[in-house]
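# Chain and residue survey
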Amino acid sequence: MTSTLQPTSPPTPSPEIAKSLRGRSLPTWAPKAIGALSVALALVGVFGPVGFWLVFVAWLVAAIVPLWSMFVEGRRKATDRFVTLLVTTAFVIALFPLGSILTTVVTRGAPVLSSDFFTYSMRNVLGEGGGIYHALMGTLLITAAAAAISVPIGLFTAIYLIEYGEGKRLARWIRFLVDVMTGIPSIVAGLFAYALFVIFFGPGVRMGVGGAVALSVLMIPVVVRSCEEMLKLVPNELREASYALGVPKWRTIVKVVLPTALAGIVTGVTLAVARVIGETAPLLIIAGLTDSVNFNLFDGRMATLPVFTYFSIITPGVPPGPSIERAWGAALVLLIIVMLLNFAARLVSYFFSPKGER
């Protein structure tokens with residue numbers, strides 16, 4: 001006769017034993033209550049007359065939790081709570097300027113937005129009226145031309161660095177020059193584009209394509225670095241499997257490597273476009289400013305949103321109110337474009353990345 005042994009579940013400790021094993025701890029309501037009080041004091045300090053001092057008092061109130069934890073829970077748990085407080089404080093400090101910028105630009109620029117603001121230029125407009133149509137078209141055209149120049153150059157450079165130049169001296173020099181170009185001030189890029197076009201068209205040249213060249217100087221290093229990092233993430237096993245099937249290297253890059261890294265490449269390119277679309281100094285030098293719509297990148301001045309905003313502030317005219325309002329509206333539109341580009345980069349990264357990385 002055989003008997004079947006039934007598995008027995010381990011005994012469940014009583015609440016008193018479990019509490020003794022965990023050790024002493026603060027009441028669950030204590031951190032939440034003190035945190036809510038500190039947040040309330042901080043909000044009153046931000047929007048109230050006492051300002052900084054009340055915010056500082058709020059931080060001291062929040063610091064009660066680590067001190068209390070020192071006496072109740074011990075040094076280790078108190079250190080953990082104190083570091084959490086420091087990290088949260090740093091996050092709030094970093095978030096405050098962003099929130100302030102967004103609030104200011106939206107509140108000042110939203111009342112200006114209208115259908116006329118997007119469909120009219122500033123040609124023959126004095127005082128009220130007019131819009132940013134000419135500057136919006138100039139920004140889109142110049143940025144698109146800069147992307148058309150930068151993306152092939154940056155992508156092919158990254159492919160060479162990863163697939164062909166590993167361990168070569170030329171690849172090391174290219175990486176060094178790309179790192180140097182990443183830190184070039186935007187005004188230097190504008191001066192370079194102006195000097196280049198002066199050679200062919202003479203002094204005083206102003207062209208939209210010159211602005212595209214200047215922006216591409218700033219954009220190419222970002223594209224190279226982002227694409228290079230994405231290509232590094234492609235597993236070598238995929239390349240070796242393709243080579244084992246007799247596929248040539250160029251076809252392996254086109255059919256295996258690039259599709260695998262497509263999400264990261266598109267995200268990097270989109271963020272590079274968002275980085276240069278708000279540049280003012282190089283466009284101020286080489287693209288200039290005009291009140292009329294110009295769709296020809298190779299003929300005459302072209303207005304852009306950053307330059308339009310700049311001139312609307314420094315030369316507002318009489319009365320200055322409408323010009324300043326248009327500047328805030330243009331700044332809001334530029335901010336919306338940058339946010340849409342970042343949102344598009346997120347979507348591309350989500351839908352084109354491998355399923356396991358979503």
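Just so you know, the residues in each chain are numbered from 1, in the order the chain's sequence is written. Given that this is a predicted model, residues contribute local features only at a pLDDT of at least 70 and side-chain atom pairs are listed and counted only at 80 or more, while totals for whole chains, interfaces and linings are drawn from all residues. Where side-chain values are given, they derive from all heavy atoms of the structure, hydrogens and water being excluded.

## Quick word on the overall build of the chain
Put simply, DSSP marks the helices as runs of H or I at least four residues long and the strands as runs of E at least two long, and each gets a number from the N terminus on. Helices and strands together make up the secondary structure of the chain, namely 16 helices and zero strands. Residue contacts follow a heavy-atom distance rule, with two residues in contact if any of their heavy atoms lie within 4.5 Å. Put simply, 69% of the contacts in the chain that link residues at least 6 apart link residues at least 24 apart. Accessible area for the chain stands at about 21500 Å²; split by element, carbon and sulfur atoms hold 70% of it. Accessibility throughout is a Shrake-Rupley quantity obtained with a 1.4 Å probe, and a residue counts as covered only by protein chains that appear here.

## Notes on the packing of helix α4 (residues 64–72) against helix α5 (residues 75–109)
Comment: axis = line fitted to C-alpha atoms, over the contacting stretch for helices; angle = value between 0 and 180 degrees taken between N-to-C directions. Where α4 meets α5, the axes come as close as 7 Å, and the angle between the chain directions of the two elements is 175°. Here α4 is positioned roughly antiparallel relative to α5, judged by the angle of their axes. Across from Val65, Pro66, Ser69 and Met70 in α4, the residues of α5 making contact are Arg75, Lys77, Ala78, Arg81, Phe82 and Leu85. Only Asp, Glu, Lys and Arg are considered charged, only Ala, Val, Leu, Ile, Met, Phe, Trp, Tyr, Cys and Pro nonpolar, and every remaining residue, Gly among them, polar. The residue inventory of the contact of α4 with α5, partitioned by class, reads six nonpolar, one polar and three charged. Each angle is binned into one of four classes, with values under 35 degrees roughly parallel, values over 145 roughly antiparallel, values of 65 to 115 roughly perpendicular, and all other values oblique.

## Here we look at the packing of aromatic side chains
The rule is short: rings of Phe, Tyr and Trp, with Trp giving its six-membered ring, pair when the centres are within 6.5 Å, and they are stacked under 30 degrees, edge-to-face over 60, tilted in between. Per the stated rule, a full pass over the model turns up five aromatic pairs. Between tyrosine 133 and phenylalanine 295, the aromatic rings sit 6.5 Å apart at their centres with planes inclined by 70°, giving edge-to-face as the arrangement. In this pair, tyrosine 133 is assigned in helix α7 (residues 133–164) and phenylalanine 295 in the loop between α14 (281–286) and α15 (305–314), connecting sequence segments 162 residues apart. A centroid spacing of 6.0 Å and a plane angle of 90° characterise the contact between tryptophan 173 and phenylalanine 176, whose relative ring orientation is edge-to-face. One end of the pair, tryptophan 173, and the other, phenylalanine 176, are both in helix α8 (residues 169–182), three residues apart, so they sit about a helical turn from each other. Exposure classes here rest on a 1.4 Å probe applied to the protein chains alone. A residue is buried below 20% of its type maximum, exposed above 50%, and partly exposed in between. With a relative accessible area of 52%, tryptophan 173 lands in the exposed category. Judged by its relative accessible area of 48%, phenylalanine 176 is partly exposed. Lysine 249 extends its terminal NZ or CZ atom over the ring of tyrosine 164, reaching a point 4.7 Å from the ring centre. The criterion is that NZ of a Lys, or CZ of an Arg, lies within 6 Å of the ring centre and within 35 degrees of the ring normal, and then a charge sits over that ring.

## Considering the nonpolar core
Among the nonpolar cores identified, the biggest contains 39 residues, and Ile142, Phe197, Met219, Leu231 and Ile265 are the most heavily contacted of them. Put simply, the parts of the chain that give this core at least two residues each are α7, α9 (186–201), α10 (208–232), α12 (249–260), α13 (262–276) and α14. Broken down by element, the residue count for this core peaks at eleven residues, all from α10. With sequence-adjacent residues up to four places away left out, phenylalanine 197 is seen in contact with Gly202, Val205, Met207, Val209, Gly210, Val213 and Ile286. The set of buried Ala, Val, Leu, Ile, Met, Phe, Trp, Tyr and Cys residues whose side-chain atoms join them within 4.5 Å is what this entry labels a nonpolar core. Counting 15 residues, the second-largest nonpolar core is a separate cluster that includes Ile277, Ala303, Leu305 and Leu334.

## Regarding the pattern of salt bridges
The working definition used for a salt bridge is a side-chain nitrogen of Lys or Arg within 4 Å of a carboxyl oxygen of Asp or Glu. Tallying each qualifying case throughout the model produces seven salt bridges. Between glutamate 228 and arginine 225 there is a salt bridge, and its shortest N-O distance comes to 3.0 Å. With glutamate 228 and arginine 225 both in helix α10 and three residues apart, the pair spans about one turn of that helix. With relative accessibility at 27%, the residue arginine 225 sits in the partly exposed group. Shared partners join several salt bridges into a network, and the residues in it are Glu166, Arg175, Asp179, Arg225 and Glu228.

## Some words on the UniProt feature "transmembrane region" (unreviewed entry) in the chain
UniProt positions are given in the numbering used here, feature names are shortened, and annotations may be inferred rather than shown by experiment. The UniProt entry lists residues 53–71, 83–106, 132–162, 174–201, 207–224, 256–277 and 327–352 under the feature "transmembrane region" (unreviewed entry), expressed in the numbering used here. Helix makes up 100% of residues 83–106 and strand 0%, with an end-to-end C-alpha separation of 34 Å. Across residues 256–277, helical content stands at 91% and strand content at 0%; the span's end C-alpha atoms are separated by 32 Å.

## Let's talk about a nonpolar patch on the surface
To count toward a patch, a residue needs a relative accessible area above 30% and no salt bridge. Like charges then connect within 9 Å, nonpolar side chains (Val, Leu, Ile, Met, Phe, Trp, Tyr) within 5 Å. A surface patch of nonpolar side chains, about 610 Å² in accessible area, is lined by Leu262, Phe343, Leu347, Tyr350, Phe351 and Phe352. With five residues, helix α16 (residues 321–352) is the largest single contributor of residues to the nonpolar patch. Mapped onto the elements of the fold, phenylalanine 352 is located in helix α16.

## Looking at the confidence of the model for the chain
Within a predicted model, pLDDT stands for the predictor's per-residue confidence, ranging from 0 to 100. Across the chain, pLDDT averages 83, with 85% of residues at or above 70. Across the chain, the element-wise mean pLDDT spans from 50 in helix α1 (residues 15–22) up to 93 in α7.

## Points about α13
Taking 1.5 Å as the rise per residue, α13 with 15 residues should run 21 Å; its terminal C-alpha atoms sit 21 Å apart, in good agreement. Burial of α13 is extensive: eleven of the 15 residues sit out of reach of the surface. Among the residues making up α13, those that are buried are Ala263, Gly264, Ile265, Thr267, Gly268, Val269, Thr270, Ala272, Val273, Ala274 and Val276. Packed against the buried residues of α13 are α7, α10, α12 and α16. Helix span, as expected, comes to 1.5 Å for every residue beyond the first.

## A look at the side chain of threonine 290
Of note, threonine 290 is situated in the loop between α14 and α15. A polar contact of 3.3 Å, which involves the side chain of threonine 290, links it to the backbone nitrogen of serine 292. Among residues more than four places away in sequence, those in contact with threonine 290 are His134, Arg301, Met302 and Ala303. For the purposes of these results, a polar contact is taken to be a pair of N or O atoms within 3.5 Å, where, inside protein, one atom must be able to donate a hydrogen and its partner to accept one; residues adjacent in sequence count only when each atom of the pair is a side-chain atom.

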